[in-house]
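# Structural features, examined
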Amino acid sequence: MAEEEPIIEDMPLQKISVFTPIIYVSIVIGALILFSIFYRRKRIAKLQVMKPFFPPDLPKEIYLQLKDQDPKPDEKVLKAALIRRGAEAIRRLLKLRENNQYITLLYQKGSIGDEFFDRFKLALKIQELEIQELVQEAETYKQGWAPTFMPVCQEVTLNEALRRRVNAIEDRKEQLAKEWELYQEIEASITN
Amino acid sequence: MLPFSYDVSSKKLKVTGDYADLEYDIQQLNTLSGEILANKADVPSPPSKESFDKKLSHMAQKLHESAVSNIKTGKYPEAIKLLTTGLEMVNRRPKYESFQMTLSEMTIFIVTRADAYMMNGDFEGAFNDADLLVTLLPSIPDNYIRRGVALFKMGRYVDAKNNFERGLSFDPDNAKLKKELDFVLKKIDEENGEL
C-alpha cells in the first residue's frame, strides 16, 4: 500500500476584497426585499379589487361621521351609534359563522371557486378586526365597558331582528287580504 | 359623507338626502339613542333578569289577563285590540334588554291574538300571526296546528296538510295534529272525488 498522499495541494490563493462578501450579502438581501415589496403590493392590489362580501357598513359610517362632527353630539348618542355599529358587526359575524362550515365543505368538494373562498375568508378577517376595534373604542368611553359592551350589542342585533319581523306582519296582513279577495273572486267565477 | 344632519336640541338625526337604506339605520339609531338617553346609567347594563323592566312586564301581564277574560266572554274584537296594544307595548321595550325574555313576552301576546282572530272568524289575521309564530319558534308543534287550521278554514287544504305534517315531524305522537291531518286528508280526497 502506497503511502497516502496529502490531499490538500498547494492552491494558488486569490486575493479578494473585503467588500466582496458584503456586496454579495447585500445583493441577496436587496433582491429579497424587492421581491417581498412587489409581492405584497400585488396581494394588496388583489384584495382591493376583490368584491366585498357585504354591502357598505352604514352604522359604522354613521358612527365615524358623527364622531368627527362639529359640534360634537351628545355622548350618549355617540354610545348608541357605537352600539349600533357593534350590532351590525355581530350580525355580519353571525351570518359568516352560520355559513362557515358549509362554505368550507363546498370548497373542499370543489363546488365553489378559489375567488369566492378568498372573499369569504377576507370577510371573516375583516369582521374579527372590526370586533377588536370596537372593543378598544368602547374602552375610550368608559373604562371597563368592553366586557359588557359585546353582550349588549348582541342583544340589540337580536332585538332589532325580532322587531323587523313583528313589524312586517301589519303590511303583510293587507297583502293577504287582497290575495284572499282575489282567491274568492276566482272561486266564485268557477262555481258560477 | 352620508347625507344626514344632527339636531343639537332634540339629539336626533335626520336624513337630508337620497341614500338607499339610510332611512332605516338612522331611524333605528334614533330609537336606540332615545332609549339610552332615557336611561339614567351612563352605559346600558348587560342583559339579565335584573335589568329587565319589571313594571312593563307587570302592565303587559295585566293587559293579557283582561284580554283573556274578554275572550272567555266572547268579546273577541275587544280582546284583539287589547292584545295588539300589549304587543305594541312589548315591541317598544329598549333594544338593549334581554332578547330571550322579550321574545317570550311577545309570543304570549301573539299566541293569544292568533287564537282570538281564529275564534272571531278572521282567518287571514290568524294565519298571519301563526306564520310569525312559526318563524319565531319553529320547533313548537302547536304553532303548526294554528297555521294549518287557519289555512284549512281559508280552503287551502294542501297547504294545511303540509303544516300538520311538518308539525308532526317535531312531535310524531301529537294526538291533535294527527286528528287534524286525518280530517284534512279526508277533505282533500273528497275534493278530488275519491270518496
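Note that the coordinates shown come from a computational prediction; the quantities given were computed from them, not determined experimentally.

### Side note on the overall build of chain B
Broken down by element type, chain B carries eight helices and two strands. Taking 195 residues into account, the globule formula puts the C-alpha radius of gyration at 16 Å, and chain B, at 22 Å, lies well above it. When the backbone C-alpha atoms are referred to their principal axes, chain B occupies close to 75 × 40 × 30 Å. By residue count, 47% of the 195 residues in chain B fall in the buried class. Across chain B, every contact between residues at least 6 apart in sequence was considered, and the portion connecting residues at least 24 apart equals 48%. As displayed, chain B has an accessible area near 10,200 Å², and 54% of this comes from carbon and sulfur atoms.

### Here's the deal with helix α5 (residues 123-136) of chain B
Taking 1.5 Å of rise per residue, 14 residues should cover 20 Å, and α5 of chain B covers 20 Å from first to last C-alpha, within 8% of that figure. With 12 of 14 residues buried, α5 of chain B is to be regarded as a mostly interior element. Of the positions making up α5 of chain B, those classed as buried are E124, G125, A126, F127, N128, D129, A130, D131, L132, L133, V134 and L136 of chain B. On its buried side, α5 of chain B packs onto α5 (146-191) of chain A together with α4 (99-120) and α6 (141-153) of chain B. In this structure D122 of chain B caps α5 of chain B, since a side-chain oxygen of it lies 3.1 Å from the backbone nitrogen of G125 of chain B.

### Brief notes about the pattern of salt bridges
Within the structure shown, the criterion is met by 21 salt bridges over all chains. Residue K11 of chain B is joined to D74 of chain A by a salt bridge in which the shortest nitrogen-to-oxygen separation is 3.0 Å. Of this pair, K11 of chain B sits in the loop between β1 (4-7) and β2 (12-15) while D74 of chain A sits in the loop between α2 (58-67) and α3 (75-109), placing the two residues on different chains. Relative accessible area serves as the criterion here: at 27%, K11 of chain B is assigned to the partly exposed category. Its relative accessible area of 24% is what places D74 of chain A among the partly exposed residues. Ionic pairing is found between D159 of chain B and R156 of chain B, a salt bridge with its closest N-O pair at 3.1 Å. Residue D159 of chain B is classed as partly exposed on the basis of its relative accessible area of 29%. R156 of chain B gets classed as partly exposed once you look at its relative accessible area, which sits at 30%.

### Focus: a nonpolar patch on the surface
A contiguous nonpolar surface patch, about 650 Å² in accessible area, is contributed by Y24, V25, V28, I29, L32, I33 and I37 of chain A. Within the secondary structure, V28 of chain A is located in helix α1 (residues 19-49).

About the criteria used
Residues numbered from 1 in each chain as written. Chains lettered and ligands numbered in written order. Predicted model: local features only at pLDDT ≥ 70, side-chain atom pairs only at ≥ 80, totals over all residues. Heavy atoms only, no water. Helix = DSSP H or I, 4+ residues; strand = E, 2+ residues; numbered from the N terminus. Rg over C-alpha atoms; globule rule 2.2 N^0.38 Å. Buried < 20%, exposed > 50% of the residue type's maximum accessible area, 1.4 Å probe, protein only. Contact = heavy atoms within 4.5 Å. Areas by Shrake-Rupley, 256 points an atom, 1.4 Å probe, with all protein chains shown as cover. Expected span 1.5 Å × (residues − 1). Polar contact = N/O pair within 3.5 Å; in protein donor to acceptor, adjacent residues only side chain to side chain. Salt bridge = Lys/Arg side-chain N within 4 Å of Asp/Glu carboxyl O. Patch = residues over 30% accessible without salt bridge, like charges linked within 9 Å, V, L, I, M, F, W, Y side chains within 5 Å.

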